[in-house]
Amino acid sequence: RESQRVAGVGSENAVLEMDDLSAAAKESKKSATRNQGSADTEARLVNVRAIFTPEEADVVRDGQHIVIRLKDMKFAAGGSTLTSANFPLLAKVQKAVELCGKSPISVIGHTDSTGSPDINAELSQQRANTVKEYLVANGTLPENKITAIGKGSEQPLGSNKTQAGRAANRRIDVIVSAAQLSD
């Protein structure tokens, strides 16, 4: 009986050790998948950066997101209508979205602080909607995979006291969730 009980304890320990090994293997696999995902995101980031000139856009990684900051988007003062001058830049955005596996995106509109906060919030939303509509109309992504958000003058990049700062603050950001990047 004593030998059976010892044998039984040994079996239980073996099962526990196997469970521990199985859990460790699963965690190792998750870690490898995360590392591979990070490497894939970095590779996509490099490829997306190569699409744009420094004058057209900044492309950066921000946590779990790839941000395409469209510096060269031009709207008339107080307007949200796209002009043909914007089409080459938007074609590059389409290519970038394709490189990211057509993951869902957010289009974020920003303004400078000229004008009232309410007007700026509405204008930035209209501009984000205009870019979203363009991307949907040109088959970049279906409407349900693009979110348009207006931030008004809430997130300035530069000083609103200078012309250059105000120009930097009037922008569109296209944000791709790195957590949702797919092949």
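An account of the accompanying structure is given in this report. (Residues numbered from 1 in each chain as written. Predicted model: local features only at pLDDT ≥ 70, side-chain atom pairs only at ≥ 80, totals over all residues. Heavy atoms only, no water.)

Quick notes on the sheet that holds strand β1 (residues 57-62)
Strands pair in a sheet through their backbones, by hydrogen bonds, and they do so in one of two ways: parallel or antiparallel. Formally: Strands qualify as paired when DSSP identifies two bridges or more between them. Helix and strand labels come from DSSP, where a helix needs a run of H or I of at least four residues and a strand needs a run of E of at least two; each type is numbered from the N terminus. In this analysis an axis means a line fitted to C-alpha atoms, helices contributing only their contacting stretch, and an angle means the value between N-to-C directions, from 0 to 180 degrees. What makes two residues a contact is simply this: any of their non-hydrogen atoms within 4.5 Å.
Read from one edge of the open sheet, 5 strands run β1-β2-β5-β3-β4, paired in mixed fashion. The outermost strands of the open sheet, each flanked by one partner alone, are β1 and β4 (146-150). For this sheet, the mean angle separating the axes of adjacent strands, direction not counted, is 20°. In this structure, β1 lies alongside strand β2 (residues 65-70), joined through 6 bridges in antiparallel fashion. From the neighbouring strand, Ala57 faces β2, where its bridge partner is Leu70. The strands touched by helix α3 (residues 117-137) are β3 (105-110), β4 and β5 (171-177); relative to β4, the strand with the most contacts, the crossing angle is about 160°.

Brief notes about the nonpolar core
Generally speaking, nonpolar side chains in soluble globular proteins are found buried as a group. Selection rule: Each nonpolar core is a collection of buried residues, namely Ala, Val, Leu, Ile, Met, Phe, Trp, Tyr and Cys, held together in the definition by side-chain atoms within 4.5 Å. Residue exposure (1.4 Å probe, protein chains only): buried if accessible area is under 20% of the type maximum, exposed if over 50%, otherwise partly exposed.
In this structure, Phe52, Ile68, Leu70, Met73 and Ile105 are the most contacted members of the largest nonpolar core, which totals 30 residues. Of all the elements in the fold, those that place two or more residues in this core are α1 (2-51), β1, β2, α2 (87-99), β3, α3, β4 and β5. Looking at this core, the element that brings in the most residues is α2, giving 5 residues. Not counting residues up to four positions away in its chain, the partners in contact with Met73 are Leu82, Asn86, Leu89, Leu90, Val131 and Ile172.

Overview of the pairing of β3
To keep things clear, this is the line we draw: Crossover handedness is defined by viewing with both strands directed away from the observer: a clockwise path from the first strand over the helix to the second marks the crossover as right-handed.
Most of β3 is tucked away, with 5 of its 6 residues classed as buried. As defined by bridge partners, β3 adjoins β4 across 5 bridges and the pair is classed as parallel. Looking at the pairing, Gly109 lines up with Gly150 of β4. For the crossover from β3 across α3 to β4, the handedness is right-handed.

So, α3
Heads up, the rule is: Helix span, expected: 1.5 Å multiplied by one less than the number of residues in the helix.
With 21 residues, α3 should cover 30 Å at 1.5 Å per step; its first-to-last C-alpha distance of 30 Å lies within 8% of that length. What α3 keeps buried is the set Asn120, Leu123, Ser124, Arg127, Ala128, Thr130, Val131, Lys132, Tyr134 and Leu135. Looking at the packing, one finds that the buried side of α3 touches α2, β3, β4 and β5. Positive phi appears at Gly139, one or two residues downstream of α3, with a value of about 75°.

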